[in-house]
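A look at the structure
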Amino acid sequence: MAGHNEKPASRLTVLATVLFYLVAAIAMVMANKWVLNKTDVPLFFLFTQLVIAVVLFGGLHVSGFFFRLPERPMDSALLKGLAPMVILGVVNLNLNNFTLKYVDASFYQVARGLVLPFTVALSAMMLHHRPSLLILIAIGIVTGGFLLGVALDLSPGGMTTTSPIGVICGVLSSVTTALQAVVIKQALGVVGGNAMDLCWYNNLLIAVIMAPGIVLAGEVPNVLKLFNEGGQPLSTFIYGSCITGVFGFLIGIAGLLSIKVTSPVTHMVSSAVRGVVQSLVAVWAFGDIITTGRGSSIALILVGSIYYTWLKNEEKVAQERAAGANMSRMENGYERVPMQDVDADIRKAEATQ
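In this text the structure is predicted, and so the values were computed from the model without any measurement.

Counting its secondary structure elements, the protein contains 13 helices and 0 strands. In sequence order, the secondary structure elements of the protein are arranged as α-α-α-α-α-α-α-α-α-α-α-α-α. Looking at the protein residue by residue over its 353 residues, the buried ones come to 43%. A separation threshold of at least 6 residues defines the contact pool for the protein, and within that pool the share at least 24 residues apart is 85%. Total accessible area on the protein is roughly 17,900 Å²; 68% of this is exposed by carbon and sulfur atoms.

This is the structure:
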């Protein structure tokens, strides 16, 4: 929970951050899909992206523009504090890539459509706060959209480009994404709230972990084959790695800034909007087909997410009005404010932050 003295970000800052995140995220997914369609080295491809991002951070440090490498030594306390975020990052990035590899770009949003339900479930477990009936209805709409899209695409007459493996990876990716929103907030405290420092550590440490992972996954022969044979696959890999490396660098910053200056709900809903735009771009870029089932699924996920956001905003407005009314009564006479009511308001406000 944020401190009461922390100044909230302005609406302009929030809007700019969300738009920055949307553009970087959509470009990253499209470029990733392009390379994954042409090559068979997903782990090495991800490792290359991370190395490029680390190099770009180093370039910013040398130029003295926007970022300086943190002076704090990378000691055991720092590594221990960042470990949950880094481990989740490794798992999440790989799940995202494998989801994208085994489903169409236009279906990617559907495959990862359970981010909101898992986020609400995680918040309920951590805060011991039972969601209202209306919140559960919104979650039901989103879950229904996911189930509809998956059922129709995996049915005998459905899309042959959708793999059960991709759907499973998408569900697991939804779980890790929901966890990341919480873990990253905690990790920011380890680096003094500096999102750029956190992004630097995140890229560097995940790259270090990914290097032996390439060997353990048996991907080295495919990497050697890629470079030995050359041709179009190698050209695609090189150009694609450069493009996705830059966009990966941007989306890392955009995602962290989005979580830092917006609420987890706003961050998540911006992801839902991104999915819709992303599906439309996929039709143009890859010739994906948005069937009636896919369109209905995406629409339900988006409607449920927007409805959920509206409900949470209404709850917040009601709490602010109640707090203002309580303050007015307190100023006019403490005897008019039952202490149990004040205590209940405080506990309710704290539970929803």
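This model, assessed by the stated rule, comprises 4 salt bridges. A salt bridge links R72 to D75; the shortest N-O distance between them is 3.9 Å. You can call R72 partly exposed: its relative accessible area is 36%. Measuring nitrogen to oxygen at the nearest pair gives 2.9 Å for the salt bridge that ties D153 to R294. With D153 in helix α6 (residues 133–154) and R294 in helix α12 (residues 292–332), this pair connects stretches of sequence that are 141 residues apart. Each member of the pair D153 and R294 is classed as buried. Connected via shared salt-bridge partners are D104, D153 and R294.

With that out of the way, let us pick up the packing of aromatic side chains. Going through the model one piece at a time under the given rule, you end up with 9 aromatic pairs. Within the aromatic cluster, the residues linked to one another by ring pairs are F44, F45, F47, F227 and F237.

This next bit is on the nonpolar core. Within soluble globular proteins, side chains that are nonpolar tend to cluster in buried spots. Of all hydrophobic cores here, the largest spans 47 residues; its most connected members are F57, L82, M85, L198, Y201, M210 and F237. Of all the elements in the fold, those that place two or more residues in this core are α1 (11–38), α2 (42–63), α3 (76–102), α7 (164–190), α8 (195–216), α9 (220–229) and α10 (231–261). Of all the elements, α8 adds the most residues to this core, at 11 residues.

On average, residues of the protein score 80 in pLDDT, and 82% of them are at 70 or above. Ranking the elements of the protein by mean pLDDT puts helix α13 (residues 339–351) last, at 36, and α6 first, at 92. pLDDT under 50 marks residues 1–5. Its contacts with residues more than four places away, or in other chains, come to 2 contacts. Counting interchain partners and residues more than four positions distant, the pLDDT-below-50 stretch residues 334–353 has 16 contacts.

The next subject is α8. The first and last C-alpha atoms of α8 sit 31 Å apart over 22 residues, in line with the 32 Å expected at 1.5 Å per residue. For α8, the side-chain oxygen to backbone nitrogen distance between the N-cap and M196 is 3.0 Å, and the N-cap itself is N194. G218, located one to two residues past α8, shows a positive phi value of around 70°.

Relative to each other, α1 and α3 sit at 65°, their axes nearing to 9 Å. Here α1 runs over α3; the crossing is right-handed. Residue-level inspection shows V29, N32, K33 and L36 of α1 in contact with α3, the latter providing N97, L100 and K101. For the contact of α1 with α3, the residue count by class is 3 nonpolar, 2 polar and 2 charged.

Here α6 crosses α7 at 165°, and the two axes come no closer than 11 Å. As judged from the angle between their axes, α6 and α7 are roughly antiparallel. Once α6 is placed against α7, the crossing between them reads as left-handed. Residues F146, V150 and L154 of α6 form the contact with α7, whose participating residues are P164, V167 and V171.

So, about the environment of E71. Looking at the secondary structure, you find E71 in the loop between α2 and α3. Judged by its relative accessible area of 80%, E71 falls in the exposed class. Spatially, the C-alpha atoms of E71 and D197 are 10.0 Å apart, while their sequence positions differ by 126 residues.

Here we take up the environment of I165. In this structure, I165 sits in helix α7. Here I165 falls in the partly exposed class, since its relative accessible area comes to 46%. The spatial distance from the C-alpha of I165 to the C-alpha of Y102 is 6.8 Å, given a sequence separation of 63 residues.

Criteria and thresholds
- Residues numbered from 1 in each chain as written.
- Predicted model: local features only at pLDDT ≥ 70, side-chain atom pairs only at ≥ 80, totals over all residues.
- Heavy atoms only, no water.
- Helix = DSSP H or I, 4+ residues; strand = E, 2+ residues; numbered from the N terminus.
- Buried < 20%, exposed > 50% of the residue type's maximum accessible area, 1.4 Å probe, protein only.
- Contact = heavy atoms within 4.5 Å.
- Areas by Shrake-Rupley, 256 points an atom, 1.4 Å probe, with all protein chains shown as cover.
- Salt bridge = Lys/Arg side-chain N within 4 Å of Asp/Glu carboxyl O.
- Phe/Tyr/Trp six-rings, centres within 6.5 Å; stacked < 30°, edge-to-face > 60°.
- Core = buried A, V, L, I, M, F, W, Y, C linked by side-chain atoms within 4.5 Å.
- pLDDT = per-residue confidence, 0-100.
- Expected span 1.5 Å × (residues − 1).
- Polar contact = N/O pair within 3.5 Å; in protein donor to acceptor, adjacent residues only side chain to side chain.
- Axes fitted to C-alpha atoms, helices over the stretch in contact; angles between N-to-C directions.
- Left-handed = near helix turned anticlockwise from the far one by under 90°.
- Nonpolar A, V, L, I, M, F, W, Y, C, P; charged D, E, K, R; others polar.
- Parallel < 35°, antiparallel > 145°, perpendicular 65-115°, else oblique.

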